[in-house]
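Understanding the architecture of this molecule
Chain by chain, the residues:
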Amino acid sequence: MRRPQWITILCTAALVAWAAASYARAQEGAPSLPDSTSTPKTAAATPSKTDKKKYSHVNDFLIRGTVFTDKALSFPGVQLRIRRAGEKKFRWESYTNSRGEFAVRVPQGANYELVIHARGFTEQTRAVEAKAGVNEESMVFRMQPATGGKG
């Protein structure tokens, strides 16, 4: 059985009017209908995960660069690892893209050590000083074939 078209139009109009009124109440700061899933908050409530301040990457230091082979061709898939100077554990890891480029964000105000590695080539290490006030450092690597043994 088919419903008359005027009933569908009337129901749609009522729904649109209700949504517009709800939106207007929310914009005016009027209390809206209570949500059945919300719980009342008290002043002594413990902080939740939503109260936690999110980390912003606005002040990060950008380490970027390009890696080339010994024949001056772009080198995709080269592994790069970054750690704070003096630490043993690497905190950041990435790989070069199809054009041999990389970019990694780290917090400012520390010294870092960047190690790049590709199989069959000598590993290279560079020190990076991520000073406050400077936003990035760009570098270029030219990989050299490893002499003897496996890389």
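Source: prediction; values computed, not measured. (Residues numbered from 1 in each chain as written. Predicted model: local features only at pLDDT ≥ 70, side-chain atom pairs only at ≥ 80, totals over all residues. Heavy atoms only, no water.)

Moving on: the overall build of the chain. Helix and strand content of the chain: 1 helix and 7 strands. Looking at the chain as a whole, 22% of its 151 residues are labelled buried. Sequence separation of at least 24 residues holds for 58% of the intrachain contacts in the chain that already meet a minimum separation of 6. For the chain, the computed accessible surface area is about 11700 Å², with 56% contributed by carbon and sulfur atoms. (Helix = DSSP H or I, 4+ residues; strand = E, 2+ residues; numbered from the N terminus. Buried < 20%, exposed > 50% of the residue type's maximum accessible area, 1.4 Å probe, protein only. Contact = heavy atoms within 4.5 Å. Areas by Shrake-Rupley, 256 points an atom, 1.4 Å probe, with all protein chains shown as cover.)

A word on the side chain of Q124. One can find Q124 in strand β6 (residues 124–130). On the accessibility criterion, Q124 (17% relative accessible area) is buried. A distance of 2.8 Å separates a polar side-chain atom of Q124 from the backbone oxygen of R142. Those residues in contact with Q124 that lie beyond four places of it in its chain are L114, V115, I116, F141, R142, M143 and Q144. (Polar contact = N/O pair within 3.5 Å; in protein donor to acceptor, adjacent residues only side chain to side chain.)

Moving on, we get to the pattern of salt bridges. Side chains bearing opposite charge may pair, as long as their charged atoms lie close to each other. According to the stated counting rule, one finds 6 salt bridges in the structure shown. Its salt-bridge partner being E136, residue R64 comes within 2.7 Å of it at the nearest N-O pair. Remark: E136 occurs in strand β7 (residues 136–142) and R64 occurs in strand β1 (residues 61–68); sequence separation between them is 72 residues. For E136, a relative accessible area of 35% corresponds to the partly exposed category. (Salt bridge = Lys/Arg side-chain N within 4 Å of Asp/Glu carboxyl O.)

This next bit is on unusual backbone geometry. Although it is not a glycine, A72 adopts a positive phi angle of roughly 65°. Relative to the helices and strands, A72 resides in the loop between β1 and β2 (79–84).

Next up on the list: the sheet that holds strand β4 (residues 101–106). If you walk across this open sheet you meet the 3 strands as β4-β1-β7, and the pairing is mixed. The sheet terminates laterally at β4 and β7, the two strands that pair on one side only. Ignoring which end each strand starts from, the neighbouring axes of this sheet average 20° apart. Pairing geometry for β1 and β7, over 7 bridges, is parallel. Considered in β7, the bridge of L62 is made with E136. (Pairing = 2+ DSSP bridges. Axes fitted to C-alpha atoms, helices over the stretch in contact; angles between N-to-C directions.)

A ring pair, where both rings are aromatic, is described by two values, the distance of the centres and the angle of the planes. Enumeration according to the criterion identifies 3 aromatic pairs in this entry. Seen from their ring centres, F75 and F121 are 5.0 Å apart, and the 70° between their planes marks the pair as edge-to-face. You can see F75 sitting in the loop between β1 and β2 and its partner F121 sitting in the loop between β5 (110–117) and β6, a full 46 residues away along the chain. Taking relative accessible area as the criterion, F121 reaches 17% and is therefore assigned buried. Their ring planes at 80° and their centres at 5.6 Å tell us that W92 and Y112 sit as a pair that is edge-to-face. (Phe/Tyr/Trp six-rings, centres within 6.5 Å; stacked < 30°, edge-to-face > 60°.)

What follows covers the confidence of the model for the chain. Confidence in the prediction for the chain averages 79 pLDDT; 64% of positions are at 70 or higher. Counting interchain partners and residues more than four positions distant, the pLDDT-below-50 stretch residues 30–34 has 2 contacts. (pLDDT = per-residue confidence, 0-100.)

So, on to the environment of T96. Mapped onto the elements, T96 comes out in the loop between β3 (92–95) and β4. Taking the C-alpha atoms as reference points, T96 and S74, separated by 22 residues in sequence, lie 9.4 Å from one another. The contact partners of T96, leaving out residues within four places of it in the chain, are V67, F75, P76, G77, V78, L80, E101 and F102. Here F75 takes part through its backbone oxygen, which lies 2.8 Å from a polar atom of the side chain of T96. For T96, the side chain forms a polar contact with the main-chain nitrogen of G77, separated by 2.9 Å.

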